[in-house]
Amino acid sequence: MRKMIFIAPLAGLLAATSPSPAIGAPHGTVVSLAASSGSRQFFVENLAGSDLTSFSIDRNGAQPFRVRVVDANYGSVAEDYQISATLNNLYKDGDPTKAKIPSSGFSIGYGASNLSASGVSFPVEPSYILTGAVPSCTNLISQGGVLATLSTLSSLCVLLGTGGVNVGSLPVAGTVTIVVPTTSQLTSLASLPLQLSGATGGTFTSADYQNGIGAGDTSGTGAGTAVGLMTGTGGLTAGLLSLITGNLPLSSTPLTTADDAGARVPVANAVNALIGSTSSTTLSQLGQAIAGLGNLAQESAVLNQLTGTLQTPVLSNIKELTGIYASFPVLAAAATVPQSGTYSGTMTVTFVQTP
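Please read these numbers as outputs of a predicted model, since none were measured by experiment.

Definitions and limits used
Residues numbered from 1 in each chain as written. Predicted model: local features only at pLDDT ≥ 70, side-chain atom pairs only at ≥ 80, totals over all residues. Heavy atoms only, no water. Core = buried A, V, L, I, M, F, W, Y, C linked by side-chain atoms within 4.5 Å. Buried < 20%, exposed > 50% of the residue type's maximum accessible area, 1.4 Å probe, protein only. Helix = DSSP H or I, 4+ residues; strand = E, 2+ residues; numbered from the N terminus. Contact = heavy atoms within 4.5 Å. Disulfide = S-S within 2.5 Å. Phe/Tyr/Trp six-rings, centres within 6.5 Å; stacked < 30°, edge-to-face > 60°. Lys NZ or Arg CZ within 6 Å of the ring centre and 35° of its normal. Arc of directions from axis to C-beta. Salt bridge = Lys/Arg side-chain N within 4 Å of Asp/Glu carboxyl O.

Quick look at the nonpolar core now. By size, the foremost hydrophobic cluster in this structure holds 49 residues, and its most contacted members are Ile83 and Phe122. If you tally residues by element for this core, the top one is strand S9 (residues 106–124), at seven residues. Setting aside its immediate chain neighbours within four residues, Phe122 contacts Thr177, Ile178, Val179, Pro181, Pro193, Leu240, Leu243, Ile244, Ile318, Glu320 and Leu321. Ranked by size, the runner-up nonpolar core spans 30 residues in total, among them Val134, Leu140, Val172 and Leu283.

Below, the structure is given as structure tokens:
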């Protein structure tokens, strides 16, 4: 029997250097870090879900395990990650000065299922372009309904005059939609915001002499062969684009509604986009005048004079990620044992995240 000791480090190093100050003159460096919202956690487990600290394997045996990444409202959608494993030689009695079984006698393989995703959801805030014009109050009042009671003395009617106001082309944030892929959509791992791949496996051709038990072996150097377990890559594929657009409101949906229910754009978003316009003071005044009506039903009816055109979604429209991503590697041995006894080494599973 051989005992494999697992460690799963996740570490980061931040270093700042600057010219040396004169002796006696202390120098301070401000280090800032912008933390992502939510959380991303990394686990190495047995198939029952318990933390994997060790397991045993026969000389020609195999042991499955699980690597998981869990996102909970994680705000850095574009951050990729890579998970890989290295392995020491296995040493008799766990002593790096004694007989050893080369790491090349071990490999990572996969069964029928190597990667999976579950519990995935993500909010999408689409972008629209508002075009068209808000007509004169005479026109608005003639439409009846809530607009029939518009006061011709209101700042809105004064601003609109007889010709109305042309909005031109104004970007605005739409209503946030929570996208929850179906079970069948989850099987298409390349159509998720965090596309899964990298379960390549392979043989531990060279041993890890930098971590765990093997760090005490002075006969070799280096981190050894890194075998891929899972990669998560943020990106907008054609499949993901189809998934997003299929969940957004149809173009026949009202642009705005008084209570925002069933609307493509919240009233406040449209009004604030007008107020914040830097291209025209008239548009800013129009937003202020609409807000000054103090009646959400009327505000919505005025805004609905405009046309909202959905812009092709981009990755930044996805505001955060929730999901569980798993890889199911199998450590297999095909080892020649030099002497009878128990041999131990460390397999190090490393999680590296890149912006």
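Following the structure, the description resumes.
By the definition in use, this model includes one disulfide. Put simply, Cys137 and Cys157 are joined by a disulfide, and their sulfur atoms are 1.9 Å apart. Taking the sign of the S-S torsion, -85° for the link of Cys137 and Cys157, the bridge is left-handed. You can see Cys137 sitting in helix H1 (residues 137–142) and its partner Cys157 sitting in helix H2 (residues 155–160), a full 20 residues away along the chain. Across this residue pair, the class does not change: Cys137 and Cys157 are buried.

Glancing now at the packing of aromatic side chains. The description of two aromatic rings rests on the distance between their centres and on the angle between their planes. On inspection of all chains with the given rule, the structure shows three aromatic pairs. A network of ring pairs unites the aromatic residues Phe42, Tyr81 and Phe351 as a single cluster. Over the face of the ring belonging to Phe43 we find Arg68, whose NZ or CZ atom lies 4.7 Å from the ring centre.

By the burial criterion, the buried members of helix H5 (residues 267–275) are Val267, Ala270, Val271, Ala273 and Leu274. Projection of H5 onto a plane perpendicular to its axis shows the buried side chains occupying an angular sector of 160°, all on one side. In this fold, the buried residues of H5 make contact with strand S10 (127–134), strand S11 (165–173), helix H6 (281–291) and helix H7 (296–303).

Enumeration according to the criterion identifies six salt bridges in this entry. Measuring nitrogen to oxygen at the nearest pair gives 2.7 Å for the salt bridge that ties Asp71 to Arg40. Placement of the pair is Asp71 in strand S5 (residues 66–74) and Arg40 in strand S2 (residues 39–45), with a sequence separation of 31 residues. There is no split in this pair, since Asp71 and Arg40 are both buried. A salt bridge links Arg68 to Glu45; the nearest nitrogen and oxygen atoms lie 2.6 Å apart. Highlighted residues: Arg68 in strand S5 and Glu45 in strand S2, separated in sequence by 23 residues. The residues Arg68 and Glu45 share a single accessibility class, namely buried. Among the charged side chains, a network of salt bridges with common partners joins Glu45, Arg66 and Arg68.

Bear in mind that shape data such as this cannot, by itself, settle questions of function.
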